[in-house]
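One letter stands for each residue in the lines below.
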Amino acid sequence: MGRLIEIRWHGRGGQGAKTAALLFGDACLGAGMYMQAFPEYGPERMGAPVASYNRISDEPITIHSAVEKPNVVVILDPTLIGSVDVTKGLDDDGVVLVNTGEPAEKMREKLKLNGQKLYVLDASAIAMETIGRNIPNTPMLGALVGATEIVDFNHMIEDTEKKLQKKFRNKPEVIQGNLEAIRKAYEVVKAQKG
Amino acid sequence: MSEAKVKDKAAKGPEAAQEIAALTGNEAVAMAMKQINPDVVAAYPITPATEIVQIFSNYVADGLVDTEYVAVESEHSAMSACIGASAAGARVMTGTSAQGLALMWEMLYIAAGLRLPIVLADVNRALSAPINIHCDHSDTMGARDSGWIQIFSEDAQEAYDNTIQAIRIAEHPDVLLPAMVTMDGFIISHGMEVVKVLPDDTIREFVGTYNPKVKLLDVDTPRTFGPLDFTDFYFEHRRQLAEPIAKAKEVILEIGKEYGKISGRSYGLYEGYKLDDAEYVLVLLGSTAGTAKTVVDDLREAGVKAGLLKIRVFRPFPYDEMAALLEGRKAVGVMDRSDGLAGLGGPLFGELRSALYESKNRPPMKDYVYGLGGRDCGPALIRQVFDELLEIGKTGQVKERFTYLGVRE
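Everything numeric here is computed off the predicted structure, so don't read it as measured data.

## Thoughts on helix 5 (residues 153–167) of chain A
Residues and elements named next belong to chain A. Between the first and last C-alpha of helix 5 there are 21 Å, a value that for 15 residues agrees with the 21 Å anticipated at 1.5 Å per step. Taken as a whole, helix 5 has its buried residues at Met-156, Asp-159, Thr-160, Lys-163 and Leu-164. On an axial view of helix 5, the arc spanned by its buried residues comes to 135 degrees, and they lie on one face. Residues of helix 5 that are exposed and point over 90 degrees away from its buried face: Asn-154 and Gln-165. Elements that come into contact with the buried residues of helix 5 comprise helix 1 (17–30), helix 4 (137–148) and helix 6 (172–193).

Okay, here's the thing in structure tokens:
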């Protein structure tokens, strides 16, 4: 990977789009890459559309403006489609990941995709099953790694575990649930890759 | 704060001992403050600088620093408490942004006038009105004539490095002036990126202890701080302020070099990027410099001799250095992230034009006021500036001396 990879996360306030970008950036750093992770700051309210970003490269990253042409778009909430231009700036060789229970063909139509690669998974259902709450950010993190293989999966899961251990010191069940969610989502996407 | 800290295995020499961490600009500055371990921090939170003092207050609560943390009711009080503590002989730090720095305004002049080496981290943010929380440089530009040293940072790494060096610069016996280190609001303060962090011991040794010759808490030699000066002495005392500001330049260079020895990262008054043979030069401050470097790279690949001059130290302003670097270029574009509202562009433009007044070979120069209130400035906008510079270089004509970049007219 010589080039710069830019990722845009779409979600709603409270779904963890910012945390997902931070966790992913951290994992990439742990794997020896250069990275940036930053949220888009606007009117931050629970449920309002939010975006966050990653830049990943083997070389130091000096660019400090907004991500305009992402290589990968991760959509945590499918209800954003239609009200937010989630595929804005995405090239034909881009990758889209959507948290949805709908089939891929329908999603491809909704998103008006051309040649872009599309992965769909019901990350909310995975989150409900493993974490007990509809927090789709960690499963989508697993899906992102499965789809792009920017970072080694085992490396990522170890890094994320460490980070979650600090955040949820008193809730070990939350940590295990999140890790399980990441694994499941990763497997779903790997299967779609064929 | 990031858990992903790894040793830089490929590094040799001073870099080998550093940890590579994923930090936001705010986290990096809070980390620097922890390693500096100041005697007193007095602060009032304000977006986007809140995290700096919030994280630092956790260090205080967890006993990781020996600092006396003074929670105050406003930024005016924060700077007042800093002044009192610094006059008493303590090493003092604080952090703020925008309206917070504006509220400190009268106290900023007092800190400088009393020669108190307070170090302030300012997260650059636009001033109201309209109310806005995003980046521009209006806040610190408002304090540019206050007698404070001003050091701008391009990224989180520089914010960390500059904060550490600012302690030594401010407290240097030839300087003894307060210093503010800035970083761009949100873009740097809230963006997580790779930062090399030096070991605590290395920093503690580098900053040493602060032993002022003159302090209020010296019962054997009682002194008065901040007395009234009428027409008899005020002028002399203010005149004396010009000396340390003039000497600060040498000290900043000396400390920047010494810091290079412990970190592998040396600092000067400015950074030139592909500047030596550049015909078209862009001059600016802060995080946009990093974005501009990618544009310069692209232009170089296309055969255009483009270059960048990033100013690190805005106060004292490196007039002579700027004149020497800019004279003879085909065209110079200046990018100001604040509007001077004086009728001729932004403050950086004014300084650079002034610097070049005596030059025999003055380059054509144009100012671009950009990015106010956090308006994004990506490669396309910077490319637009270079395109205009190429045109100016061809014709030698500057049609308008300043303009606004990326705004709806």
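## Quick word on helix 3 (residues 123–130) of chain A
All names here are of chain A. Residues of helix 3 that are buried: Ala-123, Ser-124, Ile-126, Ala-127 and Thr-130. Along the long axis of helix 3, the arc covered by the buried residues comes to 160 degrees, so they all point the same way. Looking at the packing, one finds that the buried side of helix 3 touches strand 5 (95–99), strand 6 (117–121), helix 4 and helix 6. A positive phi of about 90 degrees marks Gly-132, the residue just after helix 3.

## Looking at the interface of chain A and chain B
The partner chain B presents 23 residues to the 22 residues of chain A that form the contact. Elements supplying a minimum of two residues to the side of chain A that touches chain B: helix 1, strand 2 (34–39) and helix 5 of chain A. Per-element accounting of the side of chain A that touches chain B gives the leading share, 6 residues, to strand 2 of chain A. In terms of residue class, the side of chain A that touches chain B is made up of 10 nonpolar, 6 polar and 6 charged.

## Thoughts on the sheet that holds strand 12 (residues 306–311) of chain B
Within a sheet, adjacent strands bond to each other through the backbone by hydrogen bonds, running parallel or antiparallel. All names here are of chain B. Spatially, the 6 strands line up as an open sheet ordered 10-12-11-14-15-16, and their pairing is mixed. Every other strand in the sheet has two partners, leaving strand 10 (270–273) and strand 16 (402–405) as the edge strands with one partner each. For this sheet, the mean inter-axis angle between neighbouring strands, taken without regard to orientation, is 20 degrees. Bridge count between strand 11 (residues 280–284) and strand 14 (residues 331–336): 4 bridges; the pairing is parallel. Across the sheet, the residue bridging to Val-283 is Val-334, located in strand 14. Sheet strands in contact with helix 12 (residues 347–355) are strand 11, strand 14, strand 15 (365–370) and strand 16, and its direction is about 145 degrees off that of strand 14.

Rules used in this analysis
- Residues numbered from 1 in each chain as written.
- Chains lettered and ligands numbered in written order.
- Predicted model: local features only at pLDDT ≥ 70, side-chain atom pairs only at ≥ 80, totals over all residues.
- Helix = DSSP H or I, 4+ residues; strand = E, 2+ residues; numbered from the N terminus.
- Expected span 1.5 Å × (residues − 1).
- Buried ≥ 20, exposed ≤ 12 C-beta atoms within 10 Å, placed from the backbone.
- Arc of directions from axis to C-beta.
- Contact = placed C-beta atoms within 7 Å.
- Nonpolar A, V, L, I, M, F, W, Y, C, P; charged D, E, K, R; others polar.
- Pairing = 2+ DSSP bridges.
- Axes fitted to C-alpha atoms, helices over the stretch in contact; angles between N-to-C directions.

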